[in-house]
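Report on the structure
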Amino acid sequence: MEKEEVYLKLFNTKLISFKKLGNGKIVGTGILNPLIEKLRLFVMLYLQSNFYSNYNNLGRWKGKIVPNTFAPPVGSRPQFRALKGLIKSHLLPHPTPIAMTLAVTYRCMAHCVHCSAGKHHKEGAKELTTKEAKKLIDDALKLGVTIIAFTGGEPLLREDLFELISHVDQRKAMPIMFSNGFLLTDENVQKLADAGLYSIFVSLDSPIPEEHNKLRGVPELFETAVNGIKKLKSKGVLVGISSYATRSATEKKMYLKLHELGKELGVHNIIYFDGVPTGNMLKNTSELLTPEQREEIYKYSSKVFKEKVVPPLSSQSWQNSVEGNLSGIGCLAANIQYYVSAYGDVAPCDFTPISFGNIRKIPLKKIWSTMVSHPAYSHRSSFCRMQDPEFRRYYIDPIPDDAKLPYPITKLPRVDYQI
């Protein structure tokens, strides 16, 4: 399915227009599009300021407005650092990272068939020590990061998690977290609040309790997670839901039901990823959204944004749309963010199981430079690479089925998949 959006037209001549190709890529088709490309930074700042003004009543953090729980508060020092990073990324040859996702452990009580961290656990391998993790956080801040997301496995199984959260210098970055909700006890919730956690995203695979519990392999996990959300809100922690869209769930309009659940619970945000084939389902593309389904979710997300509905549905389908691309989003991998495994391997994003080096052997700054200079990542992409058939042909299909992840980039071809 190819779809063209015309933003400005004169005498049947398309001045500003974009076409979204069947493979998800976006190309400019209007005669003034080259000018828009040159003014990309100003277009991005304008669209983002519109979004922020729409959600000035979403929440507060230490008195400052929070329009997006995955971004620093308005007027905070981390926000100015993020803005500086975005400007540098548009003016310099290579981008400056805004966010780091750190898997602090791969231990988990759930048994998800779809786990994105599946195949990452290495028997006998040692997780980063407290000292190593703190140094990584410091190095990330030096690199320009303004969001540090703790994930897993289940982060709350890491004994020093609260110490790591409190180690994040909030004059530079905000600590956030992803959790399955199982260990959100009164004690842990209080410790998270005391450690200075900015926001947390609790995973809900389905708005239907029985379905969620079955997908996670843990009885009553849905009910436990929902209770945890309520406890977090009572402590003033910004709370969101993390979920994902699959082909079969979208056919049942599950994104609408999930959004209704978010409204009922009074959460501050919903991050709605595409069902990306990764981890345990690395080679299984059967649940990838169709182009029509991505368009359907994008339109709903855009409508929610424009009507200032709380919580916003921050979908990956919107992120990879023309609107999202113009707002400076698109594919985040090795652009706005990167991922570090529990053992120190650095990958372009949470969903890309390719290692560009290990911080125990190579400085983080050098790994980032190597990553953004690689032919596969030396350009901005308007569409998720892990859903791009050509990218997968060169960089995912060759990964052996029994390989532990992330897989070394040195064992894969050094080519530009676009050519």
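Presented here is a report on the structure given in the accompanying data block. Since we're looking at a predicted model, the values are computed, not measured.

**Section: the side chain of Q293**
Topologically, Q293 is positioned in helix α11 (residues 291-306). Under the relative-accessibility criterion, Q293 is labelled buried at 8%.

**Considerations on the pairing of strand β8 (residues 174-179)**
By the criterion of burial, β8 is predominantly enclosed, with six of the six residues buried. Here strand β7 (residues 147-151) runs beside β8; their pairing, made up of four bridges, is parallel. Bridge pairing in β8 links F150 to M177. Considered for its hand, the β-α-β crossover made up of β7, helix α5 (residues 161-167) and β8 is right-handed. As defined by bridge partners, β8 adjoins strand β9 (residues 199-203) across four bridges and the pair is classed as parallel. Looking across to β9, one finds that F178 is bridged to F201. Chirality of the crossover, the property in question, places the unit of β8, helix α6 (residues 186-195) and β9 among those that are right-handed.

**With respect to the pairing of strand β13 (residues 337-340)**
In β13, alternate side chains face the same way, and those of Q337 and Y339 on one face and Y338 and V340 on the other are all buried. Summarising the sheet, strand β6 (residues 99-103) and β13 pair through four bridges and their orientation is parallel. Counterpart to L102 in the pairing with β13 is V340. Of the pairings in the sheet, the one linking β13 to strand β14 (residues 346-347) comprises two bridges and is antiparallel in character. Following the sheet pairing, Y339 is matched in β14 by A347. Taking the residues between adjacent antiparallel strands as the criterion, β13 and β14 are bridged by five residues, where G344 takes a positive phi near 100°.

**Topic: unusual backbone geometry**
Of note, the amide linkage connecting G152 to G153 takes the cis form, showing an omega dihedral of 15°. Note that the residue after V310, namely P311, is joined by a cis bond; omega there is 5°. Its location among the elements puts P311 in the loop between α11 and β12 (313-315). Phi angles above zero are rare outside glycine, and K119 is one such case at about 75°. Phi is positive for A334, close to 50°, though the residue is something other than glycine. Turning to its location among the elements, A334 is positioned in the loop between α13 (322-326) and β13.

**Quick word on the sheet that holds strand β1 (residues 3-10)**
Overall, antiparallel pairing links the three strands, which are arranged β1-β2-β3 in an open sheet. The open sheet has two edge strands, β1 and β3 (26-28), and neither has a second partner. Going from strand to strand, the sheet's axes swing by 15° on average, the running direction of each strand aside. Taken together, the seven bridges between β1 and strand β2 (residues 13-20) define a ladder with antiparallel strand orientation. Paired with K3 across the two strands is K20, which belongs to β2.

**Structural notes on the pattern of salt bridges**
Applying the stated rule across the entire model yields 24 salt bridges. In this structure, K14 and E4 form a salt bridge, with 3.1 Å as the shortest nitrogen-oxygen distance. Taken together, the residues span a long stretch of sequence, with K14 in strand β2 and E4 in strand β1 at a distance of ten residues. With relative accessibility at 32%, the residue K14 sits in the partly exposed group. On the basis of relative accessible area, E4 is assigned to the partly exposed category, the value being 29%. The closest approach of N and O atoms between R216 and D205, which form a salt bridge, is 2.7 Å. Of this pair, R216 sits in helix α7 (residues 209-216) while D205 sits in the loop between β9 and α7, and the two are eleven residues apart along the sequence.

**Here's the deal with helix α3 (residues 77-91)**
Structurally, the α-helix is built with 3.6 residues per turn, so residues lying three or four positions apart point the same way. Helix length check: α3, at 15 residues, gives a terminal C-alpha distance of 21 Å against a target of 21 Å (1.5 Å per residue), a fit within 8%. In this structure, the buried side of α3 is in contact with α2 (40-54) and β8.

**A look at the nonpolar core**
With 93 residues, the main nonpolar core has M100, F150, L192, I200, L232, Y338 and F391 as its most contacted residues. In terms of residue count, helix α4 (residues 130-143) provides more of this core than any other element does, six residues in total. Residues within four places of I200 in sequence aside, it is in contact with M177, S179, L184, L192, L232, V237, L238, V239 and G240. Core analysis: the second largest hydrophobic core is formed by twelve residues, V66, A149, I176 and F201 among them.

**Points about the packing of α2 against α3**
Two elements in contact, α2 and α3, have axes separated by 10 Å at closest approach and are oriented at 150°. Accordingly, the angle class assigned to the pair α2 and α3 is roughly antiparallel. The two elements α2 and α3 meet at a crossing, and its hand is right-handed. Only Q79, L83, L86, I87, H90 and L91 of α3 make contact with α2, whose side of the interface consists of R40, L41, M44, L45, Q48 and Y52. Grouping the constituent residues of the contact of α2 with α3 by class yields eight nonpolar, three polar and one charged.

**A word on a nonpolar patch on the surface**
A cluster of nonpolar side chains, Y7, L8, I31, L32, L35, L39 and F42, forms an exposed patch at the surface whose accessible area comes to about 670 Å². Mapped onto the elements of the fold, L39 is located in the loop between α1 (33-38) and α2.

**Observations concerning the packing of aromatic side chains**
The description of an aromatic ring pair uses the distance of the two centres, along with the angle that the planes make with each other. This structure, assessed with the given rule, holds 18 aromatic pairs. Measuring from ring centre to ring centre gives 5.3 Å for F391 and Y417, while their planes differ by 90°; the resulting arrangement is edge-to-face. Of the two residues, F391 sits in helix α15 (residues 389-395) while Y417 sits in the segment after β16 (407-408), which places them 26 residues apart along the sequence. Comparing F391 with Y417, the two get one shared label, buried. Through successive ring pairs, a cluster of aromatic residues spans F51, Y52, Y55, F305 and W318. The cationic tip of R393 hangs over the ring face of Y394; the distance from NZ or CZ to the ring centre is 4.6 Å.

Conventions we followed
Residues numbered from 1 in each chain as written. Predicted model: local features only at pLDDT ≥ 70, side-chain atom pairs only at ≥ 80, totals over all residues. Heavy atoms only, no water. Helix = DSSP H or I, 4+ residues; strand = E, 2+ residues; numbered from the N terminus. Buried < 20%, exposed > 50% of the residue type's maximum accessible area, 1.4 Å probe, protein only. Pairing = 2+ DSSP bridges. Right-handed = clockwise from strand over helix to strand, strands pointing away. Axes fitted to C-alpha atoms, helices over the stretch in contact; angles between N-to-C directions. Salt bridge = Lys/Arg side-chain N within 4 Å of Asp/Glu carboxyl O. Expected span 1.5 Å × (residues − 1). Contact = heavy atoms within 4.5 Å. Core = buried A, V, L, I, M, F, W, Y, C linked by side-chain atoms within 4.5 Å. Parallel < 35°, antiparallel > 145°, perpendicular 65-115°, else oblique. Left-handed = near helix turned anticlockwise from the far one by under 90°. Nonpolar A, V, L, I, M, F, W, Y, C, P; charged D, E, K, R; others polar. Patch = residues over 30% accessible without salt bridge, like charges linked within 9 Å, V, L, I, M, F, W, Y side chains within 5 Å. Areas by Shrake-Rupley, 256 points an atom, 1.4 Å probe, with all protein chains shown as cover. Phe/Tyr/Trp six-rings, centres within 6.5 Å; stacked < 30°, edge-to-face > 60°. Lys NZ or Arg CZ within 6 Å of the ring centre and 35° of its normal.

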